Amino acid sequence: MTKAIFFDIDGTLINIHHKKTSISLPVKKAIRELRAAGHHTFIATGRPWAYLSDELTKEGLFDGFVLMNGAVVILEGKVIFRQDMPPATVRDMAALAEAHGLEYILESHPHVYLRQAYKGLENVYRNIDIDVEQFIRDFDLSEVKAAKLEFLCDTPGANGVFEKLLSWPGVTGLIDPTLRKYMELYSADISKATGIQQALNYLNIPVENSYAFGDGLNDLEMMSTVGHPLVMGNAGPELKALGEHILPTVDEDGAAEGIYRYILKRI
């Protein structure tokens, strides 16, 4: 029976903290074997399309993408679901960020928008091998549709501005728990889980035939939704508590073992 398998990127397929920005050959091989067996493979990520490498989009590893924590769902090159944030919300949040000296990026599909002057965020993306040359750097805010925003500041919590943005009606998000200088926001009524449900409904695949691989806090809803949550060994305790199985870490090619042991059942 056809299955749908959803993969987070950071901490699941790659490890940007260890400068491992490409998928290992064993994991690629396992994903290709899933495709050869007739199953659907998806990326399920907080990233927009513009952050994805050619490896993810052009090598035939994945036939679907759940992007920006569920705001856009793509299958075989077709957008089957899209939900942008209200334009007034985006404009007002950007204005608040500008008034307090915060850098921000507007994530849309297929483009992202980053002011030329925002070198802090530019360096963040360069350091994880994201091609910033394709970002749109000169734009009219009133003409941009965005599904997600990211912010960067110089002081932890931006002296309360992060909390103010996070409490905005109709939005949710995450503040980086370590330095508290980075935050992402998106609509409160979407998540990787809602994006996955859109994909399953479109393909007419029952939830019990769905699998997810993940490691982060933005995978919590995803793991609570799929039939078989497979959690990476490098995940935190909150996510491990939801796992049907705990896999080896990303650096140990845990995704490959999960594919062979629990989906293809070859080991």
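All values derive from a computational prediction rather than experimental measurement. (Residues numbered from 1 in each chain as written. Predicted model: local features only at pLDDT ≥ 70, side-chain atom pairs only at ≥ 80, totals over all residues. Heavy atoms only, no water.)

## Regarding the overall build of the chain
Turning to step 1, where the next piece is worked out: A tally of regular secondary structure across the chain gives nine helices and 13 strands.
Turning to step 2, where the next piece is worked out: For the chain, whose C-alpha radius of gyration is 18 Å, the value lies close to the compact-globule estimate of 18 Å for 267 residues.
Turning to step 3, where the next piece is worked out: Counting only C-alpha atoms, the chain reaches 55 × 35 × 35 Å along its principal axes.
Turning to step 4, where the next piece is worked out: Looking at the chain as a whole, 54% of its 267 residues qualify as buried.
Turning to step 5, where the next piece is worked out: For the chain, the exposed area adds up to about 11,600 Å²; of that, 51% sits on carbon and sulfur atoms.
Turning to step 6, where the next piece is worked out: Taken as two groups, the 26 positive and 36 negative side-chain charges of the chain have centres that lie 3 Å from each other. (Helix = DSSP H or I, 4+ residues; strand = E, 2+ residues; numbered from the N terminus. Rg over C-alpha atoms; globule rule 2.2 N^0.38 Å. Buried < 20%, exposed > 50% of the residue type's maximum accessible area, 1.4 Å probe, protein only. Areas by Shrake-Rupley, 256 points an atom, 1.4 Å probe, with all protein chains shown as cover. Lys, Arg positive; Asp, Glu negative; His and termini not counted. Charge placed at Lys NZ, Arg CZ, Asp CG, Glu CD.)

## Quick word on the packing of aromatic side chains
Turning to step 1, where the next piece is worked out: One pass over the full model with this rule turns up nine aromatic pairs.
Turning to step 2, where the next piece is worked out: Considering the side-chain rings of Phe-7 and Phe-62, the 6.0 Å spacing of their centres and the 65° angle between planes classify their relative orientation as edge-to-face. Pair noted here: Phe-7 is in strand E1 (residues 4–7) and Phe-62 is in the loop between helix H2 (54–58) and strand E3 (64–67), with a separation of 55 residues, a long-range link.
Turning to step 3, where the next piece is worked out: Taking the relative accessible area as the measure of exposure, Phe-7 reaches 0% and is therefore buried.
Turning to step 4, where the next piece is worked out: Centre to centre, the rings of Tyr-125 and Phe-135 are 5.6 Å apart; their planes meet at 70°, and the pair counts as edge-to-face. Remark: Phe-135 occurs in the loop between helix H4 (119–126) and strand E8 (148–152) and Tyr-125 occurs in helix H4; sequence separation between them is ten residues. Taken as a pair, Tyr-125 and Phe-135 share a single burial class, namely buried.
Turning to step 5, where the next piece is worked out: Ring pairing ties together the aromatic residues Phe-7, Phe-62 and Phe-213, which thus form one cluster. (Phe/Tyr/Trp six-rings, centres within 6.5 Å; stacked < 30°, edge-to-face > 60°.)

## A closer look at the sheet that holds strand E11 (residues 210–214)
Turning to step 1, where the next piece is worked out: Sheet architecture is open: eight strands sit in the order E5-E4-E3-E2-E1-E11-E12-E13, paired in mixed fashion. The open sheet has two edge strands with one neighbour each: strand E5 (78–82) and strand E13 (245–246).
Turning to step 2, where the next piece is worked out: Pairing geometry for strand E2 (residues 40–44) and E3, over three bridges, is parallel. When the bridges of E3 are listed, Ile-43 appears paired with Phe-65. (Pairing = 2+ DSSP bridges.)

## Considerations on the environment of Leu-141
Turning to step 1, where the next piece is worked out: Topologically, Leu-141 is positioned in the loop between H4 and E8.
Turning to step 2, where the next piece is worked out: A relative accessible area of 17% means that Leu-141 is categorised as buried.
Turning to step 3, where the next piece is worked out: For the pair Leu-141 and Leu-25, spaced 116 residues apart in sequence, the C-alpha separation works out to 42 Å.
Turning to step 4, where the next piece is worked out: In contact with Leu-141, other than residues within four places in its own chain, are Arg-91, Ala-94, Leu-106 and Arg-115. (Contact = heavy atoms within 4.5 Å.)

## Comments concerning the packing of helix H1 (residues 25–36) against helix H9 (residues 254–263)
Turning to step 1, where the next piece is worked out: Where H1 meets H9, the closest approach of the two axes is 8 Å, and the angle between their N-to-C directions is 35°. With respect to the hand of their crossing, H1 and H9 are arranged in left-handed fashion. Across the interface between the two elements, Pro-26, Val-27, Lys-29, Ala-30, Ile-31, Glu-33 and Leu-34 of H1 pack against Ala-255, Ala-256, Ile-259, Tyr-260 and Ile-263 of H9. (Axes fitted to C-alpha atoms, helices over the stretch in contact; angles between N-to-C directions. Left-handed = near helix turned anticlockwise from the far one by under 90°.)

## Brief notes about the sheet that holds strand E10 (residues 182–187)
Turning to step 1, where the next piece is worked out: Spatial strand order, E7-E6-E8-E10-E9: five strands in an open sheet with antiparallel pairing. Every other strand in the sheet has two partners, leaving strand E7 (112–114) and strand E9 (171–175) as the edge strands with one partner each. With direction set aside, neighbouring strand axes in the sheet form an average angle of 20°.

## Details of the pattern of salt bridges
Turning to step 1, where the next piece is worked out: Evaluation of the coordinates by the stated rule reveals 19 salt bridges.
Turning to step 2, where the next piece is worked out: The partner of Asp-10 in a salt bridge is Arg-47, with the nearest N and O atoms 2.6 Å apart. With a gap of 37 residues between them, Asp-10 in the loop between E1 and H1 and Arg-47 in the loop between E2 and H2 connect regions that are remote in the sequence.
Turning to step 3, where the next piece is worked out: Overall, Asp-10 belongs to the partly exposed group, its relative accessible area being 27%.
Turning to step 4, where the next piece is worked out: Asp-54 is paired through a salt bridge with Lys-58; the nearest N and O atoms lie 3.7 Å apart. Separated by four residues within a single helix, Asp-54 and Lys-58 lie in helix H2, roughly one turn from each other. (Salt bridge = Lys/Arg side-chain N within 4 Å of Asp/Glu carboxyl O.)

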